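Coordinates in review
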Amino acid sequence: RLDAADQPLGRTPLHAAAMAGAADALSALLGHARDRGAALDGLDAGVGLAPLHYAAIFQREHAAQLLLRHGAQPDCADRPRGCTALHYAVANGQQTLVAALRRAGGPPDHAAWLGNGRGRTPLHVAVLAPERATLTSLMHAAAAGGADALDRCLAAQDADGRTPLHLAALYDDLDILELVLAV
């Protein structure tokens, strides 16, 4: 059964294959998922993550790409923090996966770009992440959505009322400040 859950975390075979990056196993499971009613975006019972979250967290890019091609929703939020796979991919500096999730998730005002449980958007996360290229690509993607989309992304406030620019200033990171101000 594709929906059989392990103990104690309640992960299905889809979760396990995505987490392990077992591309052949994941591909085979995905081939049967729709016919057998398996939930591609089902959150495990223990941690509250979907297979796509596991693929992003464990940097299993090929597994994430497979899940997206088979209809996994990039705007699916996890239970503990309200993060999407885009939040995790940004935090891990996975530029190729970030680009794939952006394409699958739509424009910067789409749900995949929304804030997590603390109100932090992927752009907030990018400001705090060590990978500068990911921030640059998100800034350009937001700008490509037009001035209004860019303004919304830059004006988004987390639970503490901080915008991405606040976070860059708070951590005294001139490189990040210049990147955010340059677009």
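Computed from a predicted model, the values in this text were never measured in an experiment.

Some thoughts on the overall build of the chain
In terms of regular secondary structure, the chain is built from 11 helices and 0 strands. In sequence order, the chain lays out its α and β elements as α-α-α-α-α-α-α-α-α-α-α. Counting across all 183 residues of the chain, residues that qualify as buried make up 46%. Long-range pairs, those at least 24 residues apart, make up 65% of the contacts in the chain between residues at least 6 apart in sequence.

What to know about the packing of aromatic side chains
Summed over the entire model, instances satisfying the criterion amount to 1 aromatic pair. The interplanar angle of 15 degrees and the centroid separation of 6.3 Å between the aromatic rings of Tyr54 and Phe58 together place this pair among those described as stacked. On the basis of relative accessible area, Tyr54 is assigned to the buried category, the value being 4%. Residue class for Phe58 comes out partly exposed when judged on its relative accessible area of 38%.

Focus: helix 2 (residues 23-33)
Of all the residues in helix 2, the buried ones are Leu26, Leu29, Leu30 and Ala33. Looking down the long axis of helix 2, one finds its buried residues gathered within 100 degrees of arc, a one-sided arrangement. Opposite the buried face of helix 2, by more than 90 degrees, sit the exposed residues Asp24 and Gly31. In this fold, the buried residues of helix 2 make contact with helix 1 (13-20) and helix 4 (61-69).

Some details on the state of the cysteines
Counted according to the given criterion, the structure contains 0 disulfides. Looking at the unpaired Cys83, the closest cysteine sulfur is the one in Cys76, lying at 12 Å. You can call Cys83 buried: its relative accessible area is 6%. Between Cys153, a cysteine without a disulfide, and Cys83, which holds the nearest cysteine sulfur, the sulfur-to-sulfur distance is 16 Å.

Topic: helix 11 (residues 174-182)
Those residues of helix 11 that sit buried are Ile176, Leu177 and Val180. Down the axis of helix 11, the smallest arc covering the buried residues is 100 degrees, so these residues share one side. Pointing more than 90 degrees away from the buried face of helix 11 are the exposed residues Leu174, Glu178 and Ala182. Tucked inside the fold, the buried residues of helix 11 contact helix 7 (122-128), helix 8 (132-144), helix 9 (147-155) and helix 10 (164-170).

Side note on the confidence of the model for the chain
On average, residues of the chain carry a pLDDT of 89, and 97% of them reach 70 or more. Within the chain, helix 9 has the poorest average pLDDT of any element, 85, and helix 3 (residues 51-57) the best, 97.

About the criteria used
- Residues numbered from 1 in each chain as written.
- Predicted model: local features only at pLDDT ≥ 70, side-chain atom pairs only at ≥ 80, totals over all residues.
- Heavy atoms only, no water.
- Helix = DSSP H or I, 4+ residues; strand = E, 2+ residues; numbered from the N terminus.
- Buried < 20%, exposed > 50% of the residue type's maximum accessible area, 1.4 Å probe, protein only.
- Contact = heavy atoms within 4.5 Å.
- Phe/Tyr/Trp six-rings, centres within 6.5 Å; stacked < 30°, edge-to-face > 60°.
- Arc of directions from axis to C-beta.
- Disulfide = S-S within 2.5 Å.
- pLDDT = per-residue confidence, 0-100.

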